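# Chains, contacts and geometry: an overview
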Amino acid sequence: MTTHLMSNQYHGSCQCGAVTFSIFGEIKAITHCHCSMCRKSHSAVYATYAATLKDNFSLKGEEHLTAFSSSPGVIRRFCKHCGASVQWLDSGKYSHEWVTFSLPLLDTPFTPSKQKHIYINDKLVWLAVCDEHKKYPKGRG
Ligand SMILES: [Zn+2]
Ligand SMILES: [Zn+2]
């Protein structure tokens, strides 16, 4: 455990740089999601999201974001210029307190202490996931 959480500061940006964000605090809930919606949205074998407290998150370039509702109650925000997936928002019980963002957009070095895979049952058959992280058949929590 780190004892200087308050000094943690991270910055992220989309591919073209129109959208930037900063996190002043802890980054938690590092999640690799294998669901088909995440794969489609990120054009990737899985999507990696993390969460931080809303109060710790500040985003610039809001006007460059556009959104797509991939399932009821779920909104994915992405840069309308470069297409980078920036945020995943839902109307769930934690949504008033936490914000979820695409972890690979971070420009600041960050090493997660813990990671997990969710919707591993939906993973691409040709993708081998050989790491030691926890794997959940569906979503977690
Ligand atoms: Zn962009
Ligand atoms: Zn997903």
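Residues numbered from 1 in each chain as written. Chains lettered and ligands numbered in written order. Predicted model: local features only at pLDDT ≥ 70, side-chain atom pairs only at ≥ 80, totals over all residues. Heavy atoms only, no water.

Per an unreviewed UniProt entry, the chain is named GFA family protein, and its organism is Photobacterium arenosum.

So, on to the sheet that holds strand 2 (residues 20-24). Sheet architecture is open: three strands sit in the order 1-2-5, paired in antiparallel fashion. Sheet topology places strand 1 (9-13) and strand 5 (57-60) at the edges, where each strand pairs with a single neighbour. Each strand of the sheet is rotated relative to its neighbour by a mean of 15°, with strand direction disregarded. As judged from the four bridges shared by strand 2 and strand 5, these two strands associate in the antiparallel manner. Among the inter-strand pairings, Ser22 is bridged to a residue of strand 5, identified as Ser58. (Pairing = 2+ DSSP bridges. Helix = DSSP H or I, 4+ residues; strand = E, 2+ residues; numbered from the N terminus. Axes fitted to C-alpha atoms, helices over the stretch in contact; angles between N-to-C directions.)

The protein atoms donating to the zinc ion (ligand 1) are Cys14 (SG), Cys16 (SG), Cys79 (SG) and Cys82 (SG), with metal-donor distances spanning 2.3 to 2.4 Å. One can describe the site at the zinc ion (ligand 1) as tetrahedral: its four donor atoms subtend angles covering 105 to 117° at the metal. Sequence spacing among the residues donating to the zinc ion (ligand 1) works out to C-x1-C-x62-C-x2-C. The exposure class of Cys79 is buried, given its relative accessible area of 1%. (Donors = N, O, S within 2.8 Å, 3.2 Å for Na, K, Ca; no water. Tetrahedral: all angles 85-135°; square planar, octahedral: opposite > 155°, others 65-115°. Buried < 20%, exposed > 50% of the residue type's maximum accessible area, 1.4 Å probe, protein only.)

This paragraph deals with the coordination of the zinc ion (ligand 2). Ideal geometry at a metal centre: 109.5 degrees between donors when four sit tetrahedrally, and 90 or 180 degrees when six sit octahedrally. Surrounding the zinc ion (ligand 2) are the protein donor atoms Cys33 (SG), Cys35 (SG) and Cys38 (SG), at 2.1 to 2.3 Å. For Cys33, a relative accessible area of 5% gives the class buried.

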